[in-house]
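# Coordinate analysis (summary)
Now for the letters of each chain:
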Amino acid sequence: MNANARFFHLFNIFVYSIIHLFNYLMKAMIFAAGLGTRLKPLTDTMPKALVPMGGKPLLEHVIEKLKAAGFDEIIVNVHHFAEQITRFLAEKSNFGIRIEISDETDLLLETGGGIKQ
């Protein structure tokens, strides 16, 4: 193998390793714990993440976009009507990806608080 071929071979291994590393780090967090006060009266009976838009809940739109972008691990923080969100995710089999719940039912951690947790 000549020097150019060896360089390109090593370069391909390097690029593949970087891509693999970035794929490993593809995590997202969806902030779904808010009270949805600006969406009242819709949020009197459901969390803002489940308010329908275009025939699907907002949360479904966001998860589908994240999944299409390559995210395979998502954390969703919940507070207001938390059980509705967890039930929705279970009914959708977590959209075939790993979804964790950051439960803030007892104490709302405010914007970004779920990241610290």
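Scroll up to find the structure this text is about.
Read on for a plain summary of the structure. (Residues numbered from 1 in each chain as written. Predicted model: local features only at pLDDT ≥ 70, side-chain atom pairs only at ≥ 80, totals over all residues. Heavy atoms only, no water.)

## Some remarks on the pattern of salt bridges
- Under the counting rule described, the total for this entry stands at six salt bridges.
- The closest approach of N and O atoms between glutamate 60 and lysine 92, which form a salt bridge, is 3.7 Å. Here glutamate 60 is found in helix α2 (residues 58-68), whereas its partner lysine 92 is found in the loop between α3 (82-91) and β5 (98-103), with 32 residues between them in sequence.
- You can call lysine 92 partly exposed: its relative accessible area is 36%.
- For the salt bridge of glutamate 100 with arginine 98, the shortest nitrogen-to-oxygen distance reads 2.6 Å.
- Of the residues examined, glutamate 100 reaches a relative accessible area of 31% and is grouped as partly exposed.
- Several salt bridges converge on common partners, so that one network encompasses Lys27, Glu73, Arg98 and Glu100. (Salt bridge = Lys/Arg side-chain N within 4 Å of Asp/Glu carboxyl O. Helix = DSSP H or I, 4+ residues; strand = E, 2+ residues; numbered from the N terminus. Buried < 20%, exposed > 50% of the residue type's maximum accessible area, 1.4 Å probe, protein only.)

## Focus: the environment of serine 102
- Take serine 102: it is sitting in strand β5.
- Residue classification places serine 102 among the buried positions, given a relative accessible area of 9%.
- Measuring from C-alpha to C-alpha, the distance between serine 102 and isoleucine 75 comes to 6.7 Å, with 27 residues separating the pair along the chain.

## Some points on the side chain of glutamine 84
- Its location among the elements puts glutamine 84 in helix α3.
- At 3.0 Å, the side chain of glutamine 84 and the backbone oxygen of threonine 45 are in polar contact.
- Here glutamine 84 is in contact with Thr45, Met46, Pro47 and Leu50, once residues within four sequence places are set aside. (Polar contact = N/O pair within 3.5 Å; in protein donor to acceptor, adjacent residues only side chain to side chain. Contact = heavy atoms within 4.5 Å.)

## A word on the pairing of strand β4 (residues 73-78)
- Counting buried residues in β4 gives five out of six residues, a clear majority hidden from the surface.
- Relative to β4, strand β1 (residues 27-32) runs parallel, the two being bridged by six bridges. Counted as the bridge partner of methionine 29 is isoleucine 75 from β4.
- Here β4 pairs with β5 via six bridges, running parallel. Paired with valine 76 across the bridge in β5 is isoleucine 101.
- A crossover links β4 with its parallel partner β5, the connecting element being α3, and its sense is right-handed. (Pairing = 2+ DSSP bridges. Right-handed = clockwise from strand over helix to strand, strands pointing away.)

Nothing here speaks to function; it is geometry throughout.
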